[in-house]
Amino acid sequence: MTDPDTLQELITRLRQASSSEELLLATRQLASCGVTGAAPLLVEVLGFNNPGAAVAAVDGLIALGQEAVPPLLQLDPENYGARAWAVRALAGIGDVRGLDLLVDALGTDVAASVRRAAARGLGNLRLEELAADRRREVQDCCLQALLAATSDGEWVVRYAVAVGLEGLGQDLAPSSEALARVRQGLVALSEAAEANPPVVVLRARLAQLRLPLP
Amino acid sequence: MVGWLSMAAPQHEQAGAPISEAEALARLRQSDDPSQQYYAAWWLGRMRCQHPDAVPLLIEALRQRRPRDPGAGVEENAVARNAARALGKLGGPARQAIAELLKVLEDPDDGLREAAARALGELRAEQAVEPICRRLASGPDGAGAPQPGTPRLMEPCEALLEALGEIGCASGSTTHVLGVVEPYVHHERPLIRSAAARTLLRLSGDARWGDLLVALLDHPQLQVRRAALMDLGAAGWRPALEPIRRTLAENSLKLIALKGLVEHGCGEPGEEALLACMDALL
């Protein structure tokens, strides 16, 4: 469905929303219609400080995929709330143009919820269309960021790092050095320690089992 | 790059406070400035300090409590409250504080009783079961009645109920404890009903109480849905997987609840299904 009238109508409805319920409803409609051209407005919704609408907008942006990436990357870095949602959207889309933002979010964001989304996203990038050299470069970048985050202070981030390492490992050659480093990261996460809860240990062990066999 | 090698020593991550252990102990040892003690007590708990002086100093801070003077700034009771909370986090070595915490459980200050109840729960202090039951025995219309002019109840019921679930029961006393807790599933406040159901579920494993908590996941107030999530997690009630996934609340809280299902629960749905659901919420 790419009818410009429909898009215009949905945009008008969203712009004129006068309560948070109306905004939520209008965002859901715009997010679920899959209309090309909806992305910039959905990105705008991320900054409205309305969590329900932001969740719907993130779903819509992920469904739009690549088209949503440029407006997401243009977000003002100072707009902290919107950026946190943008990290989730980029993590779900898996477009390699989001790499720098995801690496930065995992390494520096103060909110564990943003770091955990970034970690998942770094294991979820779509690399199949990249040239072999560039692919290795991106994989190395993801790997470094994820390994650094195996010592994150929050269990939920370390859990997401295990998930991210598993995702990254799926695309690596069985005998590669990179896969060996993925394994080392997962071994560290699967060590039982007082500060490392059983759920992280379990998830890291499961990830180890799912990696390509050497 | 810090990397995975540094994983073994995470104690100082996100310290929140640039003070050393020695400094924290010194601040707690002095008694001229209660606000310094207040912070130091919090710090020792947050860092799970294992220094041999920590527990004796925290017990000393507990003894600073006094009849309440709402006009005072950082009053001694605030120090005692933080000391109780810290003791709850220090595990085995803090068990020598149980006798003093049991005295605090009888303090006229209900905020202190609340902190003591939670600490006794965390320390799995079986000696506390009887005194806690005595505090709750008058039921929702007694211990659970509102304190006139405040949002608080006569007793810190939520903390008392949850502590009973944490401690568990020596065989033989379960029926008695269940009898004390059960009337609270009819309390007018949903958060108290949730706390009671959590404890009954942990102590009895009876599906009725799991169903009660699952029903609270549909409550119109977000605060109640959040509490039900935490309570299902604490009880490890795995049949709640799908309702947890669907309820309207932050993914962060759903993840904490599901962690509880993985770590404290058993049976179906199994771990792989639980972990798959967690993955999708990240």
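Keep in mind it's a predicted model, so treat the numbers as computed, not measured.

Enquirer: It is not clear to me how the layout of surface pockets should be interpreted in this structure. Could you clarify?
Expert: The rolling of a water-molecule-sized probe over the atoms marks out the regions of remaining empty space. In this model, the second largest pocket occupies a volume close to 1,100 Å³. Looking at the second largest pocket, it is lined by 32 residues, and the ones nearest its centre are P51, V55 and W85 of chain A together with A249 and N251 of chain B. Where the lining of the second largest pocket is concerned, the elements lending two or more residues are α2 (20-33), α4 (51-64), α6 (80-93) and α8 (112-122) of chain A together with α12 (222-235), α14 (251-264) and α15 (271-281) of chain B. For the lining of the second largest pocket, the element with the most residues is α4 of chain A, which contributes seven residues. Its residues assigned to classes, the lining of the second largest pocket shows 14 nonpolar, seven polar and 11 charged.

Enquirer: Hey, could you run me through the nonpolar core in this one?
Expert: The tendency in soluble globular proteins is for nonpolar side chains to be buried side by side. In terms of nonpolar packing, the biggest core is built from 170 residues, with L46 and L72 of chain A touching the most fellow members. Broken down by element, the residue count for this core peaks at 10 residues, all from helix α10 (residues 155-170) of chain A.

Enquirer: Explain the packing of aromatic side chains here, please?
Expert: A ring pair, where both rings are aromatic, is described by two values, the distance of the centres and the angle of the planes. Scanning all chains against the criterion turns up one aromatic pair over all chains. With 5.7 Å between their ring centres and 35° between their planes, Y39 of chain B and W42 of chain B make a pair best called tilted. Separated by three residues within a single helix, Y39 of chain B and W42 of chain B lie in helix α2 (residues 34-46), roughly one turn from each other. Looking at R88 of chain A, its charged tip hangs above the ring of W85 of chain A, at a distance of 4.5 Å from the centre. Between K259 of chain B and the ring centre of W155 of chain A, over which it is positioned, the NZ or CZ distance is 5.3 Å.

Enquirer: What exactly am I supposed to notice about the confidence of the model for chain B here?
Expert: Low-pLDDT stretches of the model should not have their predicted coordinates read in fine detail. Put simply, chain B has an average pLDDT of 89, and 90% of its residues get 70 or more. This stretch, residues 1-16 of chain B, has a pLDDT under 50; its non-local contacts, to residues over four places away or in other chains, come to 27 contacts.

Enquirer: Any chance you could explain α2 of chain B here in plain terms?
Expert: One turn of an α-helix holds 3.6 residues; hence residues three or four places apart share an orientation. All names here are of chain B. Here α2 spans 18 Å end to end across 13 residues, near enough to the 18 Å set by a 1.5 Å rise per residue. Listed as buried for α2 are P34, Q37, A40, A41, W43, L44 and G45. Elements in contact with the buried residues of α2: α1 (21-29), α3 (54-62) and α4 (76-89).

Enquirer: Is there a simple way to explain the interface of chain A and chain B in this structure?
Expert: The parts lose accessible area when they come together, and the size of an interface is often stated as this lost area. With 30 residues of chain A at the contact, the number on the chain B side is 23 residues. Together, the buried faces of chain A and chain B total about 2,300 Å²; carbon and sulfur atoms form 67% of this surface. Linking chain A to chain B there are two salt bridges. Close ionic contact of R203 of chain A with D279 of chain B constitutes a salt bridge, the shortest N to O distance being 2.8 Å. Inspection of the region where chain A meets chain B yields six residue pairs in polar contact (both at pLDDT 80 or more). Sorting the residues of the side of chain A that touches chain B by element identifies α8, α9 (132-148), α10, α11 (177-189) and α12 (198-210) of chain A as the ones contributing at least two each. The residue makeup of the side of chain A that touches chain B, split by class, is 15 nonpolar, eight polar and seven charged.

Enquirer: Where do I start with the environment of V201 of chain A in this structure?
Expert: All names here are of chain A. Looking at the secondary structure, you find V201 in helix α12. Placed 39 residues apart in sequence, V201 and A162 show a C-alpha to C-alpha distance of 9.2 Å. Beyond its immediate sequence surroundings of up to four residues, V201 is in contact with L189, S190, E191, A192 and N196.

Enquirer: How should empty space enclosed by the protein be read in this particular structure?
Expert: All names here are of chain A. Counted according to the given criterion, the structure contains one cavity of 30 Å³ or more. Computed from the structure, the largest cavity encloses a volume of approximately 40 Å³. Taken together, L122, G123, N124, L125, L127, Q139, C142, G167, L168 and D171 make up the full set of residues lining the largest cavity. Of all elements in the fold, only α9 and α10 reach the threshold of two or more residues within the lining of the largest cavity. Across the lining of the largest cavity, the residue classes tally to five nonpolar, four polar and one charged.

Enquirer: Looking at this structure, I do not really get the packing of α4 of chain B against helix α6 (residues 110-122) of chain B. What am I missing?
Expert: Packed helices, taken two at a time, are described by their axes: the angle between them and the distance between them. All names here are of chain B. Two elements in contact, α4 and α6, have axes whose closest approach is 7 Å; the angle formed by their N-to-C orientations is 10°. Accordingly, the angle class assigned to the pair α4 and α6 is roughly parallel. Touching N77, A80, R81, A84, R85, G88 and K89 of α4 are G111, L112, A115, A116, A119 and E122, all from α6. By residue class, the composition of the contact of α4 with α6 is six nonpolar, three polar and four charged.

Enquirer: Help me understand the environment of L101 of chain B in this model?
Expert: All names here are of chain B. Mapped onto the elements of the fold, L101 is located in helix α5 (residues 98-104). Looking at L101, the relative accessible area reads 0%, which means it is buried. Taking C-alpha positions, L101 is 22 Å from Q36, a pair spaced 65 residues apart along the chain. Setting aside residues up to four positions removed in sequence, L101 forms contacts with L62, A84, A116, A119, L120 and L123.

Enquirer: Just checking my understanding: could you explain the pattern of salt bridges for this structure?
Expert: Two side chains bearing opposite charge may form a pair once their charged atoms approach each other closely. All names here are of chain B. With the rule as written, the count across this model stands at 36 salt bridges over all chains. A salt bridge links E122 to K89, with the shortest nitrogen-to-oxygen separation between them at 3.7 Å. Residue E122 is located in helix α6, and its partner K89 is located in helix α4; the two are separated by 33 residues in the primary sequence. Look at E122 and you get partly exposed, because its relative accessible area is 35%. The salt bridge partner of E242 is R246, with a shortest N-O separation of 3.7 Å. Taken together, the residues span about one helical turn, with E242 and R246 both in helix α13 (residues 241-246) at a distance of four residues. For E242, a relative accessible area of 33% puts it in the partly exposed group. A network of salt bridges, in which partner residues are shared, links E60, R63, R65, E100, K103 and D107.

Enquirer: Just to check I follow, could you spell out unusual backbone geometry for this structure?
Expert: Excluding glycine, a negative phi dihedral is what most residues carry, and trans is how most peptide bonds are arranged. P269 of chain B follows E268 of chain B through a cis peptide bond whose omega is -5°. For P269 of chain B, the location among the structural elements is in the loop between α14 and α15. Here N49 of chain A, not a glycine, exhibits a phi torsion of approximately 55°, which is positive. Along the chain, N49 of chain A turns up in the loop between α3 (39-45) and α4. The phi dihedral of R124 of chain B falls on the positive side, at around 50°, and the residue is not glycine. By secondary structure assignment, the location of R124 of chain B is in the loop between α6 and α7 (129-136).

What counts, and where the lines are drawn
- Residues numbered from 1 in each chain as written.
- Chains lettered and ligands numbered in written order.
- Predicted model: local features only at pLDDT ≥ 70, side-chain atom pairs only at ≥ 80, totals over all residues.
- Heavy atoms only, no water.
- 1 Å grid on protein atoms, 1.4 Å probe; cavity = no way out; pocket = protein on both sides within 12 Å on 5 of 7 lines; lining within 4 Å.
- Points joined across faces, edges and corners; volume = space filled by probe spheres on them.
- Helix = DSSP H or I, 4+ residues; strand = E, 2+ residues; numbered from the N terminus.
- Nonpolar A, V, L, I, M, F, W, Y, C, P; charged D, E, K, R; others polar.
- Core = buried A, V, L, I, M, F, W, Y, C linked by side-chain atoms within 4.5 Å.
- Buried < 20%, exposed > 50% of the residue type's maximum accessible area, 1.4 Å probe, protein only.
- Phe/Tyr/Trp six-rings, centres within 6.5 Å; stacked < 30°, edge-to-face > 60°.
- Lys NZ or Arg CZ within 6 Å of the ring centre and 35° of its normal.
- pLDDT = per-residue confidence, 0-100.
- Contact = heavy atoms within 4.5 Å.
- Expected span 1.5 Å × (residues − 1).
- Buried area = accessible area lost by both parts, 1.4 Å probe.
- Salt bridge = Lys/Arg side-chain N within 4 Å of Asp/Glu carboxyl O.
- Polar contact = N/O pair within 3.5 Å; in protein donor to acceptor, adjacent residues only side chain to side chain.
- Axes fitted to C-alpha atoms, helices over the stretch in contact; angles between N-to-C directions.
- Parallel < 35°, antiparallel > 145°, perpendicular 65-115°, else oblique.

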